[in-house]
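Okay, here's what each chain looks like letter by letter:
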Amino acid sequence: SNMAESTNMRLRLPLLCIILEVILIILFGALVEYNDDTHAKLWNANKSHSATRDDYENEFYYRYPSFQDVHVMIFVGFGFLMTFLQRYGFSSVGFNFLIAAFSLQWATLMQGFFHGMHHGKIHVGVTSMINADFCTGSVLISFGAVLGKTSPVQLLVMAIFEVTLFAVNEFILLSMLGANDAGGSMTIHTFGAYFGLMVTRVLYRPNLDKSKHRNSSVYHSDLFAMIGTIYLWMFWPSFNSAITNYGDPQHRTALNTYYSLAACTLATFAFSALVNPEGKLDMVHIQNAALAGGVAVGTAGEMMLTPFGSMIVGFLAGTISVLGYKYLTPVLESKLKIQDTCGIHNLHGMPGVLGAVVGAVTSALASPGFTLYYFYDVFADAETGKWNPQSRGGFQAISLAVTLGMALFGGLVTGFILKLPIYGAPPDTHCFEDGLYWEVPGEEEGHELNEVATPNEMEKLNS
Amino acid sequence: SNMAESTNMRLRLPLLCIILEVILIILFGALVEYNDDTHAKLWNANKSHSATRDDYENEFYYRYPSFQDVHVMIFVGFGFLMTFLQRYGFSSVGFNFLIAAFSLQWATLMQGFFHGMHHGKIHVGVTSMINADFCTGSVLISFGAVLGKTSPVQLLVMAIFEVTLFAVNEFILLSMLGANDAGGSMTIHTFGAYFGLMVTRVLYRPNLDKSKHRNSSVYHSDLFAMIGTIYLWMFWPSFNSAITNYGDPQHRTALNTYYSLAACTLATFAFSALVNPEGKLDMVHIQNAALAGGVAVGTAGEMMLTPFGSMIVGFLAGTISVLGYKYLTPVLESKLKIQDTCGIHNLHGMPGVLGAVVGAVTSALASPGFTLYYFYDVFADAETGKWNPQSRGGFQAISLAVTLGMALFGGLVTGFILKLPIYGAPPDTHCFEDGLYWEVPGEEEGHELNEVATPNEMEKLNS
Amino acid sequence: SNMAESTNMRLRLPLLCIILEVILIILFGALVEYNDDTHAKLWNANKSHSATRDDYENEFYYRYPSFQDVHVMIFVGFGFLMTFLQRYGFSSVGFNFLIAAFSLQWATLMQGFFHGMHHGKIHVGVTSMINADFCTGSVLISFGAVLGKTSPVQLLVMAIFEVTLFAVNEFILLSMLGANDAGGSMTIHTFGAYFGLMVTRVLYRPNLDKSKHRNSSVYHSDLFAMIGTIYLWMFWPSFNSAITNYGDPQHRTALNTYYSLAACTLATFAFSALVNPEGKLDMVHIQNAALAGGVAVGTAGEMMLTPFGSMIVGFLAGTISVLGYKYLTPVLESKLKIQDTCGIHNLHGMPGVLGAVVGAVTSALASPGFTLYYFYDVFADAETGKWNPQSRGGFQAISLAVTLGMALFGGLVTGFILKLPIYGAPPDTHCFEDGLYWEVPGEEEGHELNEVATPNEMEKLNS
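Rules of the game
Residues numbered from 1 in each chain as written. Chains lettered and ligands numbered in written order. Predicted model: local features only at pLDDT ≥ 70, side-chain atom pairs only at ≥ 80, totals over all residues. Heavy atoms only, no water. UniProt positions renumbered as here; feature names shortened; annotations may be inferred. Helix = DSSP H or I, 4+ residues; strand = E, 2+ residues; numbered from the N terminus. Buried < 20%, exposed > 50% of the residue type's maximum accessible area, 1.4 Å probe, protein only. Contact = heavy atoms within 4.5 Å. Areas by Shrake-Rupley, 256 points an atom, 1.4 Å probe, with all protein chains shown as cover. Least-squares fit on C-alpha atoms with pLDDT ≥ 70 in both. Buried area = accessible area lost by both parts, 1.4 Å probe. Salt bridge = Lys/Arg side-chain N within 4 Å of Asp/Glu carboxyl O. Polar contact = N/O pair within 3.5 Å; in protein donor to acceptor, adjacent residues only side chain to side chain. Nonpolar A, V, L, I, M, F, W, Y, C, P; charged D, E, K, R; others polar. Pairing = 2+ DSSP bridges.

Per an unreviewed UniProt entry, chain A goes by the name Ammonium transporter Rh type B and belongs to Sinocyclocheilus anshuiensis. Under the Sequence similarities (unreviewed entry) heading, UniProt states for chain A: "Belongs to the ammonium transporter (TC 2.A.49) family. Rh subfamily."

(A) Spotlight on the overall build of chain A. When helices and strands are tallied, chain A shows 18 helices and three strands. Going through the 463 residues of chain A one by one, you find that 68% of them count as buried. Of all intrachain contacts in chain A linking residues separated by at least 6 positions in sequence, the fraction that spans at least 24 positions is 82%. Accessible area of chain A: about 13800 Å², with a carbon and sulfur share of 64%.

(B) Expanded view of the relation of the copies chain C and chain A. For the pair chain C and chain A, the best superposition has an RMSD of 0.0 Å and corresponds to a rotation of 120° with a translation of 0.0 Å parallel to the axis. Expressed as an axis order, the relation between the two copies is that of a three-fold axis. No C-alpha of chain C lies nearer the rotation axis than that of Pro65 of chain C, which sits 3.9 Å from it. Of the interface residues in chain C, just 15% have counterparts in chain A that sit at the interface too, so the contact is made through distinct surfaces.

(C) Broad picture of the interface of chain B and chain C. Listed by partner, the interface residues are 85 residues for chain B and 82 residues for chain C. For the chain B and chain C pair, buried surface summed over both sides reaches about 7600 Å², with 72% attributable to carbon and sulfur atoms. Sorting the residues of chain B by area buried against chain C places Tyr34, Tyr56 and Phe97 of chain B first, and these three jointly supply 10% of that buried surface. There are zero salt bridges connecting chain B and chain C. Our enumeration of links across chain B and chain C arrives at 25 residue pairs in polar contact (both at pLDDT 80 or more). Classifying every residue of the side of chain B that touches chain C gives 50 nonpolar, 22 polar and 13 charged.

(D) Here's a closer look at the interface of chain C and chain A. Counting residues at the interface gives 85 residues for chain C, matched by 82 residues for chain A. Summing the contributions of chain C and of chain A, the shared interface buries around 7500 Å²; its carbon and sulfur component is 72%. Among the residues chain C hides against chain A, the three largest losses belong to Tyr34, Tyr56 and Phe97 of chain C. Together they make up 10% of the total. Taken together, the links from chain C to chain A amount to 25 residue pairs in polar contact (both at pLDDT 80 or more).

(E) View of the sheet that holds strand β3 (residues 121–124) of chain B. Residue and element names in this part refer to chain B. Pairing within the open sheet is mixed, and its three strands lie in the order β1-β3-β2. The open sheet is flanked by β1 (32–34) and β2 (117–118), the only strands paired with a single partner. For β1 and β3, the ladder comprises three bridges, and the chain directions are parallel. The residue bridging Val32 from the neighbouring strand is Ile122, located in β3.

(F) Highlighting the pattern of salt bridges. In the structure shown here, the tally under the stated rule is 15 salt bridges over all chains. With a closest N to O distance of 3.2 Å, Glu433 of chain B and Arg214 of chain B form a salt bridge. Taken together, the residues Glu433 of chain B in the loop between α16 (389–418) and α17 (443–448) and Arg214 of chain B in the loop between α8 (185–202) and α9 (219–241) connect sequence positions 219 residues apart. In terms of burial, Glu433 of chain B and Arg214 of chain B fall into one category: buried. In this structure, a network of salt bridges that share partners links the residues Arg87, Arg214 and Glu433 of chain A.

(G) A look at the relation of the copies chain B and chain C. Superposition record for chain B on chain C: RMSD 0.0 Å, screw rotation 120°, translation along axis 0.0 Å. When the interface residues of chain B are mapped onto chain C, a mere 15% of them again fall at the interface, so the copies present different faces.

This is the structure we're talking about:
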């Protein structure tokens, strides 16, 4: 069959986008309402109850800067991090943009449905915006595993299922098990990573080496990717602290993440040079492993982990991440048939699991003398008197197991759905290639770049 | 005549810049004062009036994060969005930088003169900074229409006139007509777009196709442009909400804009694929049309538009914007002789008008039961009891008409002023070319890039 | 001797990174504690002392947005500003990343040791994060002088010494002399610049012209550098105001910096065109000199400098900076043997000294009628009644002299330490070259870029 036809998006993509958006609009019309802080009537009504509360106390002023940092991570961070491929920059930024714009709407509904219904309505505000962006992050992590090997239609279909399961898993962890996971070591990173790894396993392409020459970077594409890396790195303290409780927990989470990332970066440079025969640094490590420290304090960051503890965790995370890129990823591909384009197992998978374990241990070790104030701010059941460090640690551990199960099962089912030959997936010969789904500027223009008037020519013109 | 001489900026540009800055400095010295929140004496004096007011309540903490987001949109957003041309990146970012730095100073004076005089002095603070950036945005929109076809001197002259008229129009709309337009669908986008379109019409170049080979993108320039797009997209919620009233209106505006943009993005991808014979996505659409949703809720965003309404508006905006790029822009050029380099009619013109209409309709439909609290926060005349939804809707509609008239008339006059042959405009053969006004790294250096030591060479060197 | 061996980082870099991080972790474990605003117990304990204080009043909400802006300047601003070299982008962003991640940890300890000990412990929170980033900025300024001529090991060693001396100098200025320098004209810019200039003087390479062909930009590298410039420019108001007192001083500092930078930008464009025989703008000037206005109001920005005064200072700073690049830098290299890759003398050195002088003059001229409220917010000794404008101005001037002395002496010693032949410094023939320390994508991949399927080819494939 004709390749151009088999990958043609002319009907598939518009149809899916329009149907999805119409469904979203209808559901938003039926179910979504402004919450107390965004509704003209309700906000003012609340004000009258309390003489001291005024417009300055709207949650907007305490959450919105964090939201914008998270938003930058989702759209610039993830989007540009994936532009490292030489000929897949349009798709990396563009499909990231598309599936994120869809996912955040769908996540608002799914998360609202599972844990935010008020008299049959979903209430929205800046906190729901952050949560929706978080859920979107999880989809983008999975995108990293299948990068270059999927059509935009496949990605949207993946997002439909992944967002739904994310919301279910999040509900089980946070509402049923009472787990803490403000920065999403489990809900976002572990879930997104193992879901994506299972999807790419099911979509295994034995002949992917036909596109091998495009599955690497060029000089400038690596610099574009560093834009993504640096933004993720800088704003990760905001990511982990965005939905913690107000006051010291939010402040502490940002601080812990800052130190964890700094220590992680030194470990990354150290091991990147160490594992290279010539002692040369590898951009893949710097772009990715230096971020693992943010992932690994996603659960314990809001706890009294201390800067000391954070740095140890960050150092470990950077180390296992570099070693994973060097030694584990090739094995996963050759032995387990997991083709993980961005190495999400090293950036989100292992560091996510590490973060979950650190969270469980930190919870279990919380000393009683401390908890009087400690759990008041961090743990949900503090006020109910149910507090018990050991059982808390246990619930955190169970949460990790549930997340892994949900992710692997969900990825398996979703993978098989994505395998249907109806989505216009790229052929093995044209993976990692923008030209399949994008109008790419032709060679003529590329050539022009060297044909503009040089100073000499311009002098001639003028004489 | 000699081209290098006719476009030489050696005297023209320094002279204009220095004269303008000296005038600005003198006027600032004579007219500008710190406002109550930035003045050491006044701020402390105010504090003593109220026992509860303290340093934490300075407006800085409630406006400055929004200001910084707007600032990023003006300098990175607009600047990089226009780098899509293969050989005009220095000018796009650089001239954007120059005219924005001038415009924000001039706008502070003009806006202060028209609606911020206190005993003969202009008071400045974070709100005036945001307003000045807004006015600057309008100039940068017009820049998009003439991109590649004007000298920096022309652009500065355009900015002088456009900023002045912007302030007049803004005064008429906000102070005389009492219109609402917090995100500037009318004052910023409609005004900037039709002003710029009229300027480019007057500056029509029949022989522009002599530079046609440079009037397109290359692979990397499209990626640079996506940096601009994504930053504009992410921070648009801050743009629309930056100067609304505190509390629920600001929160609601950010939320509405977020949903409008998300829906707009899905429409953009859908229609971009649909209008292409091979179903391929067009970077021009993604870079621009995906932003139309932010423009289109610039007026109604602070009202009780609901997420549902915002998504409908966003979806419409994305749709008309893509269709405009595909079908209308070529007609505007061939029939109306409007050479619109960036397609600002599709991103700011039509979506701006749509936003004005949505604002008028939303105002007119505001239900009485709602308005008790609703208008208190959003509409200026709420407390005076003059409230009437229908007349309010009417004033909003009149505001659109005034804006269109001011923009077209102002652009006409400014266009003729810019047509004088004294500004060093580029010849038809050298439009869209950095080399005219910039020292551009020569071919030798470009060549070097391929001549650095490869690993093999280095081995040889070392043996 | 073999070059590849002499510059091999395989043992040197990992060893140094791991040893440093282990030392940091041990010292953090022994010395660092959460401060009152980040500690679960202390924050809540404090709350109970005051009925009106609540979680919303945590300093996090008043400092963290500023911190994030500063953080962006350190990692994106400095990092990308230095990518202007054609073949040193990996190192510019990458080594910037590495030494910043190390410096902020080391600075936390050094600054805490010199002016933040509480019962033998260093207390950390968002203010210490900002201060650590500030100190890091100073190291990155020095990095600009030696860019392309040092190994990452040399840079880390430089950072160890520079951070330490920075903390000593800061202690002398702020704690002993009671100087004001919120934006760091002296502590950050003057110190970092003259330290770096002395280091590069000691490391003088007579045969550096062997790498001359790589010591320049290409078209795209200049655009990457503009990302750095624009982010530094936009967020400089946040930088200068990040650690001022709350309320009007913070607000005023941001405002003053905003106007100074705007005026500086017009001066930069004016003089860049004026000093070029063809009137063409030079990217080096735009990328750097346009920022000098931020440096030059780093001391006086928080004072009642007025927008008028700020614009004059900014205009002067831009002017001397461009003239410095054009006329002084070549002389410094040929006569004084100072090879200043990024021209930090023009961006940080002279504008820093200008800023110190402006600060001293502004302090000395503070009118008595004004100071009642003025010094209350800005000057440390206001409440103690020691206030005296003239002596204040004198202490500011002494502070500049101390800073220059510390920087030159520190740079001298550090330079000789860095001269030891054990750090794997690049040979004169391979300066400004990523390939020495990085795995750089080979030519094959670069070639591929032109070999992807064109539309025509794809049609053929499909037929």
